[in-house]
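Here's the letter readout for the chains.
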Amino acid sequence: MPLIALTGGIASGKSTIARRLEEHGAVIVDADAIVRDVQAPGSPVLDLIAETFGSEVIAQDGSLDRPALGSRVFGDPAQLARLNAIVHPAVREESQRRFTAAFADDPDAVVVYDVPLLVEARVDDPWDLIVVAHAPAAERLRRLIELRGMDETAARERIGAQVSDDKRLAIADVVIDTGGTLEHTVAQTDALWERLRTG
């Protein structure tokens, strides 16, 4: 019953790896989806965010206005730390609940936590394996501009705001090189799956 952490920088191909592992039968627990869930209208987390950052970060329909909140915390380490102190504990609790439920369902499950901020928030958790999706920054920049339609300045800012590749690679048990073709990424992911099922 391995518990795997899968991380990587923006546009690193992490989601491609997660989808492939899911096709093989892994249970994917998506950190971004949990963040959205714990910040849903009416949640204690959203109430605390509004209390901390002001009602202008709440949209007309009662949901979180992500761009408004982003403009408050982006580039301001102190404000970002305040936000993380609200969100991270709730995400940790909910992710743990989902891991437990997955293993209760199937004690032999391979559970993969798809988590962008592993280095920043969860690196010391008891993972059986840490998998890092890695593509050179120049390639990730190209993907953000060409595939996601970002302008270059915004794309560089997003990459620059994340932890460095070196820090991510330093915690990796397995690195999947996603800088080449999709087929190459998939082949490495298949090899990882074989290792997980036989190891």
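Residues numbered from 1 in each chain as written. Predicted model: local features only at pLDDT ≥ 70, side-chain atom pairs only at ≥ 80, totals over all residues. Heavy atoms only, no water.

An unreviewed UniProt entry lists the chain under the name Dephospho-CoA kinase, with Microbacterium paraoxydans given as the organism. Checking UniProt for the chain, the heading Catalytic activity (unreviewed entry) contains the comment "3'-dephospho-CoA + ATP = ADP + CoA + H(+)". Per UniProt, the chain has the following entry under Subcellular location (unreviewed entry): "Cytoplasm". (UniProt positions renumbered as here; feature names shortened; annotations may be inferred.)

A few words on the overall build of the chain. If you tally the helices and strands in the chain, you get 10 helices and five strands. For 199 residues, the compact-globule estimate of 2.2 N^0.38 gives 16 Å, and the C-alpha radius of gyration of the chain, at 18 Å, lies within 12% of that figure. Overall, the chain is about 50 × 45 × 30 Å in size when its C-alpha atoms are taken along their principal axes. In the chain, which comprises 199 residues, the share counted as buried stands at 41%. Partitioning the contacts of the chain with sequence separation of at least 6, the portion at a separation of at least 24 is 69%. (Helix = DSSP H or I, 4+ residues; strand = E, 2+ residues; numbered from the N terminus. Rg over C-alpha atoms; globule rule 2.2 N^0.38 Å. Buried < 20%, exposed > 50% of the residue type's maximum accessible area, 1.4 Å probe, protein only. Contact = heavy atoms within 4.5 Å.)

Within the largest apolar cluster, 30 residues are counted, with the highest numbers of intra-cluster contacts made by Ile49, Phe53, Leu69, Val111, Tyr113 and Trp127. Taken together, the elements giving at least two residues each to this core come down to strand S1 (3-8), helix H2 (31-38), helix H3 (44-53), helix H4 (66-73), helix H5 (77-105), strand S3 (111-114) and strand S4 (129-134). Of the residues forming this core, the biggest block, eight residues, is contributed by H5. In contact with tyrosine 113, not counting residues within four places along its chain, are Ile4, Ala5, Leu6, Val29, Ala31, Ile34, Val91, Ser95, Phe99, Arg122 and Trp127. (Core = buried A, V, L, I, M, F, W, Y, C linked by side-chain atoms within 4.5 Å.)

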